[in-house]
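One letter stands for each residue in the lines below.
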Amino acid sequence: MSYVMVALTCLAAAVAIVPLIAILGYLIKQGAGALSLDFFTSMPKPVGEEGGGMANAIVGTLILIGIASSVGLPIGIGAGLYLAERGGTRLANLVRFLADVLNGLPSIVMGIFAWEFLVRPIGHFSALAGGAAIGAMMIPLVTRTTEEMVRTVPQSLREAALALGFPRWRTSLQIVLRTALGGIVTGVLVAVARVAGETAPLLFTAFGNQFFSTKLTQPIAALPLQVFVYAISPYDEWHAQAWAGALVLIALVLVISVISRFVVRSKHGRAND
Amino acid sequence: MTEAIARSVSPAGEAPRPVERPAAPAMETRALHAYFGVTHAVRNVTLDFPSNEVTAIIGPSGCGKSTLLRCLNRMHETIPLARVEGEVLFHGQNIYSSEVDPIALRRHVGMVFQRPTPFPTMSIRDNVAAGLRVQPGERLDRRQVDAIVERALKQAALWDEVKDRLKTSATGISGGQQQRLCIARALATSPHILLLDEPTASLDPLSTQKVEELVYELRKSMTVIIVTHNMQQAARVSDRTVFMLSGEMVETASTRVMFTTPSDPRTEAYITGRFG
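Structural notes, computed from the coordinates. (Residues numbered from 1 in each chain as written. Chains lettered and ligands numbered in written order. Predicted model: local features only at pLDDT ≥ 70, side-chain atom pairs only at ≥ 80, totals over all residues.)

Glancing now at the overall build of chain B. The helix and strand inventory of chain B stands at ten helices and ten strands. Since a compact globule built from 276 residues should have a radius of gyration of about 19 Å, the 18 Å found for chain B is in line with a globular shape. The C-alpha extent of chain B, read off along each of the three principal axes, is 55 × 45 × 40 Å. Residue burial in chain B is summarised as follows: out of 276 residues, 46% are buried. In chain B, once contacts between residues fewer than 6 apart in sequence are set aside, the share between residues at least 24 apart is 69%. (Helix = DSSP H or I, 4+ residues; strand = E, 2+ residues; numbered from the N terminus. Rg over C-alpha atoms; globule rule 2.2 N^0.38 Å. Buried ≥ 20, exposed ≤ 12 C-beta atoms within 10 Å, placed from the backbone. Contact = placed C-beta atoms within 7 Å.)

Within chain A, the secondary structure is distributed over eleven helices and zero strands. Along chain A, helices and strands appear, N-terminal first, in the series α-α-α-α-α-α-α-α-α-α-α. Looking at chain A as a whole, 41% of its 273 residues are labelled buried. When contacts within chain A are restricted to residue pairs at least 6 apart in sequence, long-range pairs at least 24 apart make up 73% of them.

Moving on: the packing of helix α3 (residues 55-85) of chain A against helix α6 (residues 127-151) of chain A. All names here are of chain A. Contact pair α3 / α6: the axes reach a minimum separation of 6 Å and the direction vectors enclose 30°. Classified by the interaxial angle, the pair formed by α3 and α6 is roughly parallel. Crossing angle aside, the handedness with which α3 passes α6 is right-handed. (Axes fitted to C-alpha atoms, helices over the stretch in contact; angles between N-to-C directions. Parallel < 35°, antiparallel > 145°, perpendicular 65-115°, else oblique. Left-handed = near helix turned anticlockwise from the far one by under 90°.)

This brings us to the pairing of strand β10 (residues 248-254) of chain B. Residues and elements named next belong to chain B. Taken together, the six bridges between strand β9 (residues 240-245) and β10 define a ladder with antiparallel strand orientation. Directly across from phenylalanine 243, in β10, lies its bridge partner glutamate 251. Linking β9 to β10, which pair antiparallel, is a turn of two residues; within it serine 246 sits at a positive phi near 50°. (Pairing = 2+ DSSP bridges.)

A few words on the interface of chain B and chain A. Residue-level contacts link 19 residues of chain B with 19 residues of chain A. The biggest single contributor to the side of chain B that touches chain A is helix α2 (residues 102-108) of chain B, with three residues. Its residues placed into classes, the side of chain B that touches chain A shows eight nonpolar, seven polar and four charged. (Nonpolar A, V, L, I, M, F, W, Y, C, P; charged D, E, K, R; others polar.)

It is worth spelling out helix α7 (residues 205-218) of chain B at this point. All names here are of chain B. Taking 1.5 Å of rise per residue, 14 residues should cover 20 Å, and α7 covers 20 Å from first to last C-alpha, within 8% of that figure. Regarding α7, the residues found buried are Ser207, Val211, Leu214, Val215 and Leu218. Around the axis of α7, the buried residues are gathered within 100° of arc, so they sit on the same side. Exposed and oriented more than 90 degrees from the buried face of α7 are Pro205 and Leu206. Those residues of α7 that are buried lie in contact with β3 (54-58), α6 (175-187), β7 (193-197), β8 (223-227) and α8 (231-237). (Expected span 1.5 Å × (residues − 1). Arc of directions from axis to C-beta.)

All right, on to the packing of helix α5 (residues 107-122) of chain A against α6(A) then. Residues and elements named next belong to chain A. Running from N to C, α5 and α6 cross one another at 135°; their axes reach a closest spacing of 9 Å. Overall, the two elements α5 and α6 adopt an arrangement that is oblique. When you trace α5 past α6, the crossing you get is right-handed. For the pair α5 and α6, contact is made by Ser107, Met110, Gly111, Ala114, Leu118 and Val119 and by Ala129, Ala132, Ala133, Ala136 and Met137, respectively. Taken together, the residues of the contact of α5 with α6 sort by class into nine nonpolar, two polar and no charged.

Our focus in this paragraph is the nonpolar core. Formed by 145 residues in total, the largest nonpolar core has its most connected members in Leu64(A), Ala206(A) and Ala184(B). Sort the elements by how many residues they give to this core and α6(A) lands first, with 14 residues. In this view, Leu64(A) contacts Ala127(A), Gly130(A), Gly131(A), Ile134(A), Ala206(A), Ile220(A) and Ala222(A); residues no more than four positions away in its chain are not counted. (Core = buried A, V, L, I, M, F, W, Y, C linked by C-beta atoms within 7 Å.)

In short, geometric facts, not functional conclusions.
Next comes the structure, spelled out in structure tokens:
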């Protein structure tokens, strides 16, 4: 009987990774052909012209991730720290519950909300509105990972710091948060990966841009938007470009993860592993 | 000294050490009670801890000895629902009076715990220097910090073992070394009193011996209060012994008297091994 169980769970595990392998394999097959140095350095070309790239969308996505992180990380990490260190209060339970609700909120709703409160009052689409919308989506993810990771820091370390004369706030920031940093970075990367590919909220906020723009107050191009536009177009060259764009998007997230992990590891030693 | 722990005084650096009258205790408790919620963990303890002596607090598990120790640097109150009644006098000043800042107090009353607690993200050097970063007054430059780190590690009898690896992670050394590192960390800020909460409970015999020798040396420069449930350890390292039972202080006497002619039958029963 236990052999059957082992076989079944093993089969389930194998099937679980099939989608990822299939997606990656198909993306490489379809997208690699359109990939070239040109794709990273040049602008989209009109239909019918050879070549062209998504330089504007790649830079745009990086800028959007930057804005989203500067909104989502301080708030998410701060809230997570609060939940972990002062978790028993009524406010904490409310925040935890609302963070879970926010986490389940469809991203298009976030987009509509950001349009109503950021785009409409200002009068035009902008990178800031797009970054804020996906940054808000990062908050619950970062909050809950930070809380979990901070909870794994043993109480004895807090006591050791307090006994040395550390005020509570410095204990939280310099001892507890630093000790949990490795795990928090992992959670942050999951959040970045998740929002980097968001398309729906950007439709109403960042809007996309056919030109190269780094202005935060202007509409900005983004890889998922560009992939969307190219994929629903009727042109074969654009379809190939869309596949390549999707591949680059995944690669981008991968590169960000590897670099962040490397930075954290070399800065804080093996203690964080 | 009393001003140094008071909130009202500007952080102008280390206060000069007072001239010690030979009989003046470094710390005294007056009718001290400690609670966890409704649990009455320390009951009406009035005690003197003489300056530059080692006082051992012994007693069976759960007798309140660790709680008593944690009342002396106001660590007890960091636990939810914990509270303290009565007074603890530190060089004559009640540390529970409203003008005393517990954070400033803890810079003068160091503490080492049962299990080694090195900060895992910091190097050996940075661990020892951690307390210096929160000291009031001017920031020390690198050379001053290095000198203090060396002094503290030598005092903790750890310098020779780690001097070539000060920049490496503090979690890479053995448990016994980690505990001496924690002692060095507590010593770096030159506390007046060092509280040790069963510091050898998780150590092997050889490391235990090193820590005990260290405690014996330390009383030349400071007052040491050590909680232990190892009576031989109390007999080896301390000048005075306090025996506690069920939250009450049963007896206090010089260690020699306590272990040869205890006056309370309960003390005698405990140290002759009839319970506990």
